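Topology and contacts: notes
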Amino acid sequence: MRFGAMRIAQGSAVSSRAVLLVSASTATAGPPTEASGEWLYLPSIVDVRTAGCNTFLDTTEVGIWSGTFVGESAEVGNVVIHCNGRLGFNASVTFDSVEVGGKTGSLEMRANGVKASPEADWVGHWVILSGSGELENLRGNGTFWGPGWLESDPTAYGQIYYDGKVKFAPGN
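Bear in mind that the values here come from a model prediction, so they are computed numbers and not experimental data. (Residues numbered from 1 in each chain as written. Predicted model: local features only at pLDDT ≥ 70, side-chain atom pairs only at ≥ 80, totals over all residues. Heavy atoms only, no water.)

Looking at where Ile64 falls in the secondary structure, it is placed in strand β2 (residues 54-67). Residues Ile64 and Leu42, spaced 22 residues apart in sequence, show a C-alpha to C-alpha distance of 9.0 Å. Residues within four places of Ile64 in sequence aside, it is in contact with Glu38, Trp39, Leu40, Gly71 and Tyr157. (Helix = DSSP H or I, 4+ residues; strand = E, 2+ residues; numbered from the N terminus. Contact = heavy atoms within 4.5 Å.)

Next comes the structure, spelled out in structure tokens:
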């Protein structure tokens, strides 16, 4: 019986240490940090469809990011041009290699935005979906805005600004 009581006491000590280790790991993750920068992109239209007076564009883009995210991206997305002139954008943004806070790896983001009229700026949101390498546990989201790509200068990169917050989750 004495041996059994000792095993329970040892088990409690191990459980307490495990809780302390998990708590310490969480505490070292730290608060989110501000993210900001510029996203330049050059789109290509892959396919065009219409339904009534709405136009649907399937696009690919190459992007160059500076600021918090430093690297090049490839985007696959779609743009909807609504009958009233409003535009909607939805894309998967993939970085094969990007640097964030001195760490490198790959990232997958989602970006969604709208443009109230052809003359208006784009406004939208971005969110990190996943990462690998040193960015495996990077989390973050924020907003973007800017004029974007201009049809009047089709070979010039579109200009978008972004901000938000990023944080390395425990384990990184």
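A few words now on the pairing of strand β7 (residues 138-148). For strand β6 (residues 122-131) and β7, the ladder comprises six bridges, and the chain directions are antiparallel. Note that in β7 the partner of Trp122 across the bridge is Gly146. Remark: six residues form the turn of the hairpin made by β6 and β7, two consecutive strands paired antiparallel; Gly133 in that turn has positive phi of roughly 65°. Looking at chain direction, β7 and strand β8 (residues 158-168) are connected through nine bridges and run antiparallel. What sits directly across from Gly140, in β8, is Val166. (Pairing = 2+ DSSP bridges.)

For Thr68, the location among the structural elements is in the loop between β2 and β3 (69-81). We classify Thr68 as buried; its relative accessible area is 16%. A polar contact of 2.8 Å, which involves the side chain of Thr68, links it to the backbone nitrogen of Ser36. Apart from the residues lying within four places of it in its own chain, the contact partners of Thr68 are Glu34, Ala35, Ser36, Glu99, Val100, Gly101, Tyr162 and Val166. (Buried < 20%, exposed > 50% of the residue type's maximum accessible area, 1.4 Å probe, protein only. Polar contact = N/O pair within 3.5 Å; in protein donor to acceptor, adjacent residues only side chain to side chain.)

Turning our eyes to something else, we now look at the pattern of salt bridges. Considering all chains together, one arrives at three salt bridges under this definition. Taking the shortest distance from any N to any O, the salt bridge between Lys165 and Glu34 comes out at 2.3 Å. Here the residue Lys165 occupies a position in strand β8, and Glu34 occupies one in strand β1 (residues 33-51), the gap between them amounting to 131 residues. Overall, the relative accessible area of 40% leaves Lys165 in the partly exposed class. (Salt bridge = Lys/Arg side-chain N within 4 Å of Asp/Glu carboxyl O.)

Relative to β8, β1 is paired through nine bridges, and the arrangement is antiparallel. Its bridge partner being in β8, Ala35 is matched across the sheet by Gly164. Direction of pairing for β1 relative to β2: antiparallel, over a ladder of 14 bridges. Considered in β2, the bridge of Ile45 is made with Thr59.

Here we take up the state of the cysteines. Where two cysteines share a covalent bond between their sulfur atoms, that bond is called a disulfide. Using the criterion set out here, one finds one disulfide in the structure. There is a disulfide in this structure between Cys53 and Cys83, and the S-S distance comes to 1.6 Å. Since a negative S-S torsion denotes a left-handed disulfide, the Cys53-Cys83 link at about 100° is right-handed. Of this pair, Cys53 sits in the loop between β1 and β2 while Cys83 sits in the loop between β3 and β4 (87-100), placing them 30 residues apart in sequence. (Disulfide = S-S within 2.5 Å.)

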